[in-house]
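Geometric and topological summary
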Amino acid sequence: MLRRNTLKEKISIYQRRARILEPIAKHRKAYRQEVINYTEKFLENLAEDQAFKSGDGKKIYQYPFDEKAKDIKKILKIFKENVETPGLNSASGNYLAYIPGSSLYTAALGDFIADVINRVTCFYALAPGAVCLENKIIRWLSNLFRFPKSSAGNLTSDGSMANLIAMIAARDAYDVLQYEAKKIVIYLSEQTHHCIEKALHIIGLQHVTRHYVPLDSNFRIEVDTLANLIEQDKKNGLIPWMIVATAGTTNTGAIDPLSQLGDIAKKYHLWFHVDAAYGGFFVLTRHGKTLLRGIEKADSIVVDPHKGLFLPYGLGIVIVKQYKNLLRSFMREASYIKDSRFKTDELSPADLSPELSRPFRGLRMWLPLQVHGIAPFRAALEEKLLLTKYFVQEIKKIKGMELACEPQLSIVAFRYVNVAKNENVDVFNLSLQQRVKQEGKVYLSSTILRGHVYLRFACLSYRTHKNIVDELIKILKMMLKLDR
Ligand SMILES: *Cc1c(COP(=O)(O)O)cnc(C)c1O
């Protein structure tokens, strides 16, 4: 007669079945070796590889999650063909579109350690060293931007989340919700990143009045017009709330006149936010430091280490000048977290952002900065500025090429205007972007400025060097000739 398993026996059956989730050292090594082989191959081919490959990625739907284990080698092969291959290779130095990312290897290793040790970084009491490490990163940035000791910040998933946090802090600092939203005015520019518009919607302020301040010929906010606008709004019974400046716009890399905007914000008691997601880390260069003068007048700043510090995607940072403004918005109590708090002068990420359980994001930035030192980051950013100058110099040699404006950082918006009589300049430039994309080697994006199509050269990967800019120039020349 069959005997039913005892409780103890059942427990041990399931324990054995789940055992594979904790691979022994030998198996860990085998997995690791396969992953290392995979990533090494990727990196070895990277320089030669195309920036863009066609494919719809849909084949991955055909691979079910089975009850049974599969061989990692086979899985990685499927992954390579169907996930790594199609689309934009954003780890490539040939990626010159949007705002390029990179994939700093030591940051990936930092992520690996962080995931293996898996510290929960919500509260100082639970992971004191990890929280101090992240606070150290915030302090380092605060010093770079000459923010006072009273500042605090948060390591977020990206620039959009970082901007959202700043907008929430600005809303709560001015108690905006108690007013009729239409009376409240936010001053921005048509070049402000669209994540600010998304943030307004998310925080319930989709009905605030937006005043888009006119721009100068370099797409920067006109300060005098802004001052007049504010005066006018006050006379009309509106309530000026905040100014959003951009330090490095996505379209052209323009930096709004930060210092003067800061003075206006102070004069009229407005919140002053600087979105430096793209441009912020140029503060490490001489030229960038000069351009970013006045950023210290901000109430909140956003930077994106996964752009200007070359980290893999997954890290944005917000810094707010008065830490109390973050606590007001994000610190809340609950019975089940009481024992993870005690009196300390260290601020905890969970009290400064919407997140509770969050990855240990700091290590991916801390490790590269410690291992490599700051000098090579500075050098890579200087190189990007010079490569941009070089690109401009070369593009100006091509008859019919036109810039939207002189670049301030490492983005150039340009177009070709010497088209045939019966051809439309915008249509031509759109198709030029498409043809460069189809050729595959380098990848540019397009945009619209003053109502016309422009191509964008955005140089920010530490893997982008002069040979790639030369290749791009060669491709452009080839395409223009092919068209004649
Ligand atoms: C990239 C960027 C953002 C958005 O950041 P994500 O990290 O892509 O979410 C916001 N503002 C500016 C100026 C940017 O360049």
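The coordinates are above.
Please read these numbers as outputs of a predicted model, since none were measured by experiment.

It is worth spelling out a nonpolar patch on the surface at this point. Taken together, the side chains of Ile-60, Tyr-61, Tyr-63, Phe-79 and Val-83 present a nonpolar region at the surface, about 480 Å² in accessible area. Mapped onto the elements of the fold, Tyr-61 is located in the loop between strand E1 (52–53) and helix H3 (72–84). The exposed category is assigned to Tyr-61, whose relative accessible area is 68%.

So, about the site of the ligand. Residues in close proximity to the ligand total 16 residues, the closest being Asp-158, Ser-160, Asp-275, Asp-304 and Lys-307. In this structure, an oxygen atom belonging to the ligand sits 2.8 Å away from a side-chain N or O atom of His-306. In the model, an oxygen atom of the ligand is placed 2.8 Å from a nitrogen or oxygen of the Lys-307 side chain. Compared with its free state, where it exposes 380 Å², the ligand has 88% of that area covered by protein. Within the residue set of the shell around the ligand, elements represented by two or more residues are helix H6 (159–173) and helix H11 (305–308). When residues of the shell around the ligand are assigned to their parent elements, the largest contribution, 3 residues, is made by H6. Each residue belonging to the shell around the ligand can be placed in one class, and the counts come to 4 nonpolar, 8 polar and 4 charged.

The next point concerns the pattern of salt bridges. Across all of its chains, the model carries 24 salt bridges by this definition. Glu-346 is paired through a salt bridge with Arg-139; the nearest N and O atoms lie 4.0 Å apart. Residue Glu-346 is found in the loop between helix H12 (323–330) and helix H13 (363–372), and its partner Arg-139 is found in helix H5 (residues 128–144); the two are separated by 207 residues along the sequence. Residue classification places Glu-346 among the buried positions, given a relative accessible area of 16%. Classification of Arg-139 as exposed rests on a relative accessible area of 54%. The residue Arg-146 makes a salt bridge to Glu-296 at a minimum N-O spacing of 3.3 Å. Placement of Arg-146 in the loop between H5 and strand E3 (152–156) and of Glu-296 in the loop between helix H10 (286–291) and strand E8 (300–303) is noted, with a sequence separation of 150 residues between them. Since its relative accessible area comes to 56%, Arg-146 is described here as exposed. Through salt bridges with shared partners, one network takes in Glu-134, Glu-355, Arg-358 and Arg-361.

Relative to strand E5 (residues 209–212), strand E4 (residues 184–188) runs parallel, the two sharing 4 bridges. Residue Ile-186 lies in a different strand from E5, and its bridge partner there is Arg-210. Read as a crossover between parallel neighbours, the route from E4 over helix H7 (residues 194–202) to E5 is right-handed.

To continue, consider the nonpolar core. Leu-141, Val-274, Phe-281, Ile-317 and Met-365 are the most contacted members of the largest nonpolar core, which has 72 residues in total. Ranked by residue count, the leading element in this core is H5, at 6 residues. In this structure, Ala-166, Met-167, Val-318 and Phe-330 belong to the second largest nonpolar core, which totals 33 residues.

Quick look at the packing of helix H4 (residues 105–117) against H13 now. At a minimum axis distance of 7 Å, the contact between H4 and H13 shows a crossing angle of 130°. Taken together, the axes of H4 and H13 lie oblique to each other. Both H4 and H13 take part in a crossing whose hand is right-handed. On the side of H4, the interface is formed by Thr-106, Ala-107, Leu-109, Gly-110, Asp-111, Ile-113 and Ala-114, while H13 contributes Leu-363, Arg-364, Leu-367, Pro-368, Val-371 and His-372. Split into classes, the residues belonging to the contact of H4 with H13 amount to 8 nonpolar, 3 polar and 2 charged.

Attention now moves to the side chain of Thr-447. Structurally, Thr-447 can be placed in strand E12 (residues 445–449). Only 2.6 Å separates the side chain of Thr-447 from the side chain of Asn-251, close enough to count as a polar contact. Sequence-distant contacts of Thr-447, that is, excluding residues within four places in its chain, are made with Asn-251, His-452, Val-453, Tyr-454 and Arg-456.

Moving on: H7. Turn by turn, an α-helix covers 3.6 residues, leaving residues three or four places apart pointing in a common direction. Those residues of H7 that sit buried are Cys-195, Ile-196, Ala-199 and Leu-200. Down the axis of H7, the smallest arc covering the buried residues is 150°, so these residues share one side. For H7, the exposed residues set more than 90 degrees away from the buried face come down to His-194 and His-201. For H7, the secondary structure elements touched by its buried residues are H6, E4, E5, strand E6 (239–246) and strand E7 (271–275).

Attention now goes to the sheet that holds E7. Whenever strands of a sheet pair, they do so through backbone hydrogen bonds, lying parallel or antiparallel. As summarised here, the arrangement of the 7 strands in space is E3-E9-E8-E7-E6-E4-E5, forming an open sheet in which the pairing is mixed. Both edges of this open sheet fall to E3 and E5, since each of them pairs with a single strand only. The mean inter-strand angle of the sheet, taken between neighbouring strand axes irrespective of direction, is 20°.

The 4 strands lie next to each other as E10-E11-E13-E12, forming an open sheet whose pairing is antiparallel. The strands lining the two open edges of the sheet, one partner per strand, are strand E10 (401–403) and E12. The average undirected angle you get between the axes of adjacent strands in this sheet is 45°. As judged from the 5 bridges shared by E12 and strand E13 (residues 452–458), these two strands associate in the antiparallel manner. Across the sheet, Thr-447 pairs through a bridge with Tyr-454, a residue of E13. Sitting on the sheet, helix H14 (residues 375–395) is in contact with E10, strand E11 (411–416) and E13, with an inclination near 15° to E11. Across the sheet, helix H15 (residues 425–439) is in contact with E11, E12 and E13; its angle to E13 comes to roughly 30°.

Let us look at unusual backbone geometry. The residue Arg-146 is not glycine, and still its phi comes out positive at about 55°. The phi angle at Arg-450 is positive, at roughly 45°, despite the residue not being glycine.

This next bit is on the packing of H6 against H12. Packed helices, taken two at a time, are described by the angle their axes make and the gap between the axes. For the pair H6 and H12, the least separation of the axes is 9 Å and the interaxial angle reads 90°. Classed by the angle they form, the pair H6 and H12 counts as roughly perpendicular. Touching Ile-165, Ile-168, Ala-169, Asp-172 and Ala-173 of H6 are Asn-325, Leu-326, Arg-328, Ser-329 and Phe-330, all from H12. Among the residues forming the contact of H6 with H12, the class breakdown is 6 nonpolar, 2 polar and 2 charged.

About the criteria used
- Residues numbered from 1 in each chain as written.
- Predicted model: local features only at pLDDT ≥ 70, side-chain atom pairs only at ≥ 80, totals over all residues.
- Heavy atoms only, no water.
- Patch = residues over 30% accessible without salt bridge, like charges linked within 9 Å, V, L, I, M, F, W, Y side chains within 5 Å.
- Areas by Shrake-Rupley, 256 points an atom, 1.4 Å probe, with all protein chains shown as cover.
- Salt bridge = Lys/Arg side-chain N within 4 Å of Asp/Glu carboxyl O.
- Helix = DSSP H or I, 4+ residues; strand = E, 2+ residues; numbered from the N terminus.
- Buried < 20%, exposed > 50% of the residue type's maximum accessible area, 1.4 Å probe, protein only.
- Near = heavy atom within 4 Å.
- Polar contact = N/O pair within 3.5 Å; in protein donor to acceptor, adjacent residues only side chain to side chain.
- Nonpolar A, V, L, I, M, F, W, Y, C, P; charged D, E, K, R; others polar.
- Pairing = 2+ DSSP bridges.
- Right-handed = clockwise from strand over helix to strand, strands pointing away.
- Core = buried A, V, L, I, M, F, W, Y, C linked by side-chain atoms within 4.5 Å.
- Axes fitted to C-alpha atoms, helices over the stretch in contact; angles between N-to-C directions.
- Parallel < 35°, antiparallel > 145°, perpendicular 65-115°, else oblique.
- Left-handed = near helix turned anticlockwise from the far one by under 90°.
- Contact = heavy atoms within 4.5 Å.
- Arc of directions from axis to C-beta.

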